[in-house]
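# What the coordinates show
Listed here are the chains, written in short residue letters.
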Amino acid sequence: MLSYIIRRLLILPLILLGVTFVIFSLFSLLSPMEKLATYINNPTVLKNPQAAQKLIQKYHLDDPFPAGYFYWLKSLLKLDFGWSPTANQPVWEAIKQRFPATVELVFYSIIPVILVGIWLGVISSVHHNDILDQTIRVTAIIGWSLPTFIFGLLVLFIFYGILGWLPPGRLSTWAQYIVYTGDSFKHYTHFITFDALLNGRLDIFWDAVKHLIGPIITLSYISWAYLLRITRSSMLDTLRKDYIRTARAKGVEENKVIYQHARKNALIPVVTVAGMMIVEMLGGVVITETVFTYPGLGFWAASSAQQLDYGSVIGFALLFAFMMVIGNLIVDISYALIDPRVRLE
Amino acid sequence: MYRIIKKLLKNSASLVGLLLLLVFILIAVFAPFIAPPLFPDPYQIPRMSWDIEPRPPGSPITDDMRFVYESLGKPVIREQAIFGTAQGGYDIFYGMIWGTRTAFRVGIVTVAFSVLIGIIGGSIAAYFGGWIDELLMRLTDIFLSVPFLVAAMVLTTILGRGLDKVMIALIAFGWMGYARVIRGSILCTKEEAYVIAAKALGVKDFRIIAFHLLPNTIFPVLVQASMNIGSMVVTAAALSFLGVGAPLGYADWGQMVSFARNWIIGAPGKAGEYWYAVFFPGIFIVLFVLSWNLVGDTLRDILDPRLRGEL
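Keep in mind that what you see is a predicted model, and the values were worked out from it rather than measured.

About the thresholds
Residues numbered from 1 in each chain as written. Chains lettered and ligands numbered in written order. Predicted model: local features only at pLDDT ≥ 70, side-chain atom pairs only at ≥ 80, totals over all residues. Helix = DSSP H or I, 4+ residues; strand = E, 2+ residues; numbered from the N terminus. Contact = placed C-beta atoms within 7 Å. Buried ≥ 20, exposed ≤ 12 C-beta atoms within 10 Å, placed from the backbone. Expected span 1.5 Å × (residues − 1). Bend = angle between axes of the 7 residues up to and from the residue. Core = buried A, V, L, I, M, F, W, Y, C linked by C-beta atoms within 7 Å. pLDDT = per-residue confidence, 0-100. Axes fitted to C-alpha atoms, helices over the stretch in contact; angles between N-to-C directions. Left-handed = near helix turned anticlockwise from the far one by under 90°.

## As for the overall build of chain B
Along the backbone of chain B there are 14 helices and two strands. For chain B, the spread of C-alpha atoms along the three principal axes comes to 80 × 45 × 40 Å. Contacts in chain B between residues at least 24 apart in sequence constitute 71% of all its contacts with a sequence separation of at least 6.

The following block contains the structure:
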């Protein structure tokens, strides 16, 4: 087991290097002038050709591909991602500031996905082909066909426009005032929900939760539908195995057969789709945050893209690609922990 | 082939899917008759007013706009916006009809080119093996490690607005799945006797790949491709929704939804006032994707006998 983990960790830097290579290739499609715009915080410099030329040479933006890649990597290691006009601060600062909001959203979205998706999948397979199963299945297929941005707008329309329950944004104005001004509210984790509880402010906690529910549903429903389908077919497969028949023949209670004998083995293939769910979620973050104007990384990236703020978009892409590589690594390792057969490859 | 079509028609889910697809194809083919274009570029959505605020279904064209068209020497073909107008006075009905053509074009072009690249890369990797295989597969891994939507968004931002740029971005990051599938099945097939026989006869490598291996391995890829058309259209629409896709006023479903974004909530006390601005684009996208999913799901069941009667 340990050798498997070490092997995977050794490849990790190579994959990360490959990712930077792909993203630098995208970056090098820009002209030197456009590249320069990602590094300076004062656009008037660009109007002076001589000054601009000097800066282009200073940042090695006109160098041939390999040299340019080398200097670019060097600046990345110094955490210099350039300047973000959209956020009006360095890209790295902008990322640091928005990171907790996005992580909070993703964190709360993963838990219900795993619990609800697996639960519904098991129910669906146990009640194979009766009305409950059909209802769950049809809902899943429709959910599968609803694009995130339409689903999100629908949630916003019903739960905010009509019912007024789930407002967009991250906090109401009064709560923002308390949280971001003055020293009375301490930021321990930068997760508003945790911080509110640690500060003993239940009203702010409740306000943050209300703002989170809509984005959570929007971000996770596709993964629910997906997980449900996989759990269901994998459960159906397992329930037909000989050892299940043996257990039943021995007189083991039906509940025990399903939840202890079958579910454990049926969950192995479910772990494989976790990797695909990570992709789905990281892409979904951009759309979900844009729909709900939730002030995280995705919202910032989308507004940067609209304003052709290349530096921010590239920094964002690097960060998300790294997150995805690490996420996939965690999935692979936990898969190997659950299923010993994987390690032998 | 005949057997597959018969099964597709017998299954009620895929029958619904096929019928829906047929409707969309008819809309796309007869678009010039359903919604006659006003401009030389038919994908330019005509405006029914200068208003920023959307107008409800059945709103007539404003006098201002009539005057503009008349002074340009254009006949006013549409007196009313049947589905209402979106933000900026764009005719939703026109956008939907011509957007169907856009959807088919985006879906088919991106999937076709991704499949082509995937087939070339995958078959070369599997056939020659060794370091070529290693190199190409690691390249696939690296492309797979950037989240698809994010990668497409970055590339579109860098290339600039426009539907062709969106398609390039979707192709650049959409070929890896096909490459893997084709590689897997060629690895299984290339040790078969007929391939070895062809090699022994001195048939050129390229001919063996194109005429001996691919005809026997291409089918699973085609199924996967048909299932991906819907999701490619959704991704393109999502890019337009985020504001990096089609240029302003281009007939594209994603853009029509993004027009609705600011109006979804409605004025205080009049919730749902602008429902039509998101309803019509939404329903078109959802039905389009649903139809491909229904057909693709059944197709997979038919071709994978293990799952028969289960999914």
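## Quick word on the overall build of chain A
The helix and strand tally for chain A stands at 14 helices and two strands. Structurally, chain A occupies a C-alpha span of about 85 × 55 × 35 Å along its principal axes. Across the 345 residues that make up chain A, the buried fraction comes to 39%. Taking the contacts inside chain A whose residues are at least 6 apart along the sequence as the reference set, 72% of them involve residues at least 24 apart.

## Things to note about helix α5 (residues 92-128) of chain B
Residue and element names in this part refer to chain B. Taking 1.5 Å as the rise per residue, α5 with 37 residues should run 54 Å; its terminal C-alpha atoms sit 52 Å apart, in good agreement. Of all the bends in α5, the greatest measures close to 30 degrees and is centred on Gly99. Gly129 occupies a position one or two residues after α5 and carries a positive phi of about 60 degrees.

## Some words on unusual backbone geometry
All names here are of chain A. Backbone geometry places Leu79, a non-glycine residue, at a positive phi of 60 degrees. Along the chain, Leu79 turns up in the loop between α4 (65-77) and β1 (83-84). According to the C-beta neighbour criterion, Leu79 is partly exposed, with 13 such atoms within 10 Å. We note that His190 has phi near 70 degrees; this positive angle belongs to a residue other than glycine.

## Examining the interface of chain B and chain A
A common way to state how big an interface is: give the accessible area lost once the parts meet. The interface of chain B with chain A comprises 39 residues on the first partner and 40 residues on the second. Of all the secondary-structure elements, those providing two or more residues to the side of chain B that touches chain A are α6 (130-144), α7 (148-159), α12 (219-242) and α14 (275-303) of chain B. By residue number, the principal contributor to the side of chain B that touches chain A is α7(B), which donates nine residues.

## Looking at the nonpolar core
Core analysis: the largest hydrophobic core is formed by 175 residues, its most contacted members being Ala317(A), Val150(B), Ala152(B), Met153(B), Val154(B), Val233(B) and Leu242(B). When neighbours within four sequence positions are excluded, Met153(B) is seen to be in contact with Val286(A), Ala305(A), Leu239(B), Leu242(B) and Val244(B).

## Re the environment of Pro85(A)
Relative to the elements of secondary structure, Pro85(A) occurs in the loop between β1 and β2 (89-90). C-alpha separation for the pair Pro85(A) and Gln307(A), spaced 222 residues apart in sequence, amounts to 8.9 Å.

## Focus: helix α9 (residues 176-189) of chain B
Residues and elements named next belong to chain B. Helix length check: α9 (14 residues) gives 20 Å between terminal C-alpha atoms against 20 Å at 1.5 Å per residue, within 8%. Considered for burial, the residues of α9 that qualify are Met176, Tyr178, Ala179, Val181, Ile182, Arg183, Ser185 and Ile186. Contacts from the buried residues of α9 go to α5, α6, α11 (205-217) and α12.

## Here we look at the confidence of the model for chain B
All names here are of chain B. Chain-level statistics for chain B give a pLDDT mean of 85 and a share of 95% at 70 or above. A low-confidence stretch, residues 307-311 stays under pLDDT 50, and its non-local contacts, those more than four residues away or across chains, total seven contacts. Here the complex is predicted with pTM 0.87, and the ipTM for its interfaces comes to 0.85.

## Here's the deal with the packing of α5(B) against helix α8 (residues 163-172) of chain B
Residue and element names in this part refer to chain B. Interaxial distance between α5 and α8 falls to 9 Å at its minimum, and their mutual angle equals 35 degrees. Pair α5 / α8 crosses with right-handed handedness. On the side of α5, the interface is formed by Thr102, Val106, Val109, Thr110, Phe113 and Ser114, while α8 contributes Leu163, Met167, Leu170 and Ile171.

## Quick look at the environment of His127(A)
Of note, His127(A) is situated in the loop between α5 (91-126) and α6 (131-145). Look at His127(A) and you get partly exposed, because 14 C-beta atoms sit within 10 Å.

## Some thoughts on the environment of Pro247(B)
Residues and elements named next belong to chain B. One can find Pro247 in the loop between α12 and α13 (253-260). For the pair formed by Pro247 and Leu163, sequence separation is 84 residues and the distance between their alpha carbons is 7.6 Å. In this structure Pro247 touches Arg161 and Gly162, once residues within four positions along its chain are discounted.

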